[in-house]
Amino acid sequence: MQTTINTNTSTPNKQGLSVRQLAVIGVMTAVTCILAPFSVPIGPVPISLTNLAIYISLYVLGTKKATVSYLVYLLIGFIGVPVFSGFSSGPQKLFGPTGGYLIGFIPMAIIAGILVDKFTSNKLICFLGMIAGSIVCYGFGTTWLAYQAHMDWKSALFAGVVPFLIGDAAKMILAAIIGPQIRKQLIRADLFF
């Protein structure tokens with residue numbers, strides 16, 4: 001039996017992704033790995049750029065590939081590479097007090113991504129999609145924080161959500177402004193799939 005390898009970098013192989021697509025996913029995973037560790041500790045939950053990296057990934061990759069990119073990032077951090085906030089890593093971070101936010105970014109990407117994919121040029125709808133996704137992420141994160149840190153839900157909400165609302169809104173606005181421009185350039189360069 002002879003095996004053939006797809007050498008065309010723009011045509012998907014039998015698994016569904018071309019070499020070029022895998023490369024762009026890898027680049028966005030690297031961007032997340034670079035941005036996410038930089039954080040400002042303000043309590044049990046630090047301010048980080050993880051969600052901004054995810055929002056931009058949605059424009060660059062589309063929902064499915066952006067979610068895959070984020071899952072690869074989680075795996076990289078889980079196995080011990082210091083890519084989580086504060087240059088931390090490992091299972092203890094995922095299962096620790098802020099792990100719910102890390103897991104909550106998965107449905108956030110899917111929910112926001114669906115609207116970004118369908119309404120890329122409508123900044124308001126994309127922004128509303130990011131808000132909806134973030135609410136779900138906040139729910140996951142706050143519930144897990146309350147459980148892990150032995151806080152009541154209100155205290156967890158004031159520790160893990162309220163201080164981040166303005167900054168997260170600014171990240172969403174930034175992504176809604178520059179994201180469509182990045183996607184246009186990628187389409188023009190035949191790098192968006």
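Preceding this paragraph is the structure being described.
In this text the structure is predicted, and so the values were computed from the model without any measurement.

A. Looking closely at the environment of I182. In this structure, I182 sits in helix α8 (residues 165-188). Expressed as a C-alpha distance, the spacing of I182 and M28, which sit 154 residues apart in the sequence, is 13 Å.

B. Highlighting the packing of aromatic side chains. Scanning all chains against the criterion turns up five aromatic pairs. On the basis of an interplanar angle of 80 degrees and a centroid distance of 5.6 Å, the ring pair of Y73 and F84 is categorised as edge-to-face. Of this pair, Y73 sits in helix α3 (residues 63-78) while F84 sits in the loop between α3 and α4 (91-94), and the two are 11 residues apart along the sequence. F84 matches Y73 in its accessibility class, with the two residues each being buried. An aromatic cluster of three or more residues is present, and its members are Y70, Y73, F84 and F105.

C. Main features of the pattern of salt bridges. Inspection of the entire model under this criterion finds two salt bridges. For R183, the salt bridge goes to D117, with nearest N and O atoms at 3.1 Å. Here the residue R183 occupies a position in helix α8, and D117 occupies one in helix α5 (residues 99-118), the gap between them amounting to 66 residues. Residue classification places R183 among the buried residues on the basis of a relative accessible area of 7%. Residue D168 is joined to K171 by a salt bridge in which the shortest nitrogen-to-oxygen separation is 3.4 Å. Remark: K171 and D168 occur in helix α8; sequence separation between them is three residues, near one turn of the helix. Residue D168 shares its accessibility class with K171, and that shared class is buried.

D. Region of interest: the nonpolar core. Formed by 34 residues in total, the largest nonpolar core has its most connected members in Y73 and M130. Of all elements in the fold, only α1 (19-35), α2 (50-61), α3, α5, α6 (123-148) and α8 reach the threshold of two or more residues within this core. Of all the elements, α2 adds the most residues to this core, at eight residues. Sequence-distant contacts of Y73, that is, excluding residues within four places in its chain, are made with T29, T32, C33, A36, T50, V83 and F84. Within the second largest apolar cluster, nine residues are counted, among which are Y101, Y138, L145 and A146.

E. The arrangement of the packing of α1 against α2 in detail. Across the interface, α1 lies against α2 with an axial gap of 10 Å and an inter-helix angle of 165 degrees. By the angle between their directions, the pair α1 and α2 is classed as roughly antiparallel. The hand of the α1/α2 crossing is right-handed. Contacts between α1 and α2 involve V24, I25, M28, T32 and L35 from the former and A53, I56, S57, V60 and L61 from the latter. When grouped by side-chain class, the residues that make up the contact of α1 with α2 number eight nonpolar, two polar and no charged.

F. Region of interest: the packing of α5 against α6. Contact pair α5 / α6: the axes reach a minimum separation of 7 Å and the direction vectors enclose 160 degrees. The angle between the axes of α5 and α6 places the two elements in the roughly antiparallel class. Like other packed secondary-structure pairs, α5 and α6 cross with a definite hand, here right-handed. Residue composition of the contact of α5 with α6, by class: 19 nonpolar, eight polar and no charged.

G. Fine view of the environment of V31. Note that V31 resides in helix α1. Taking C-alpha positions, V31 is 19 Å from G167, a pair spaced 136 residues apart along the chain.

Criteria and cut-off values
- Residues numbered from 1 in each chain as written.
- Predicted model: local features only at pLDDT ≥ 70, side-chain atom pairs only at ≥ 80, totals over all residues.
- Heavy atoms only, no water.
- Helix = DSSP H or I, 4+ residues; strand = E, 2+ residues; numbered from the N terminus.
- Phe/Tyr/Trp six-rings, centres within 6.5 Å; stacked < 30°, edge-to-face > 60°.
- Buried < 20%, exposed > 50% of the residue type's maximum accessible area, 1.4 Å probe, protein only.
- Salt bridge = Lys/Arg side-chain N within 4 Å of Asp/Glu carboxyl O.
- Core = buried A, V, L, I, M, F, W, Y, C linked by side-chain atoms within 4.5 Å.
- Contact = heavy atoms within 4.5 Å.
- Axes fitted to C-alpha atoms, helices over the stretch in contact; angles between N-to-C directions.
- Parallel < 35°, antiparallel > 145°, perpendicular 65-115°, else oblique.
- Left-handed = near helix turned anticlockwise from the far one by under 90°.
- Nonpolar A, V, L, I, M, F, W, Y, C, P; charged D, E, K, R; others polar.

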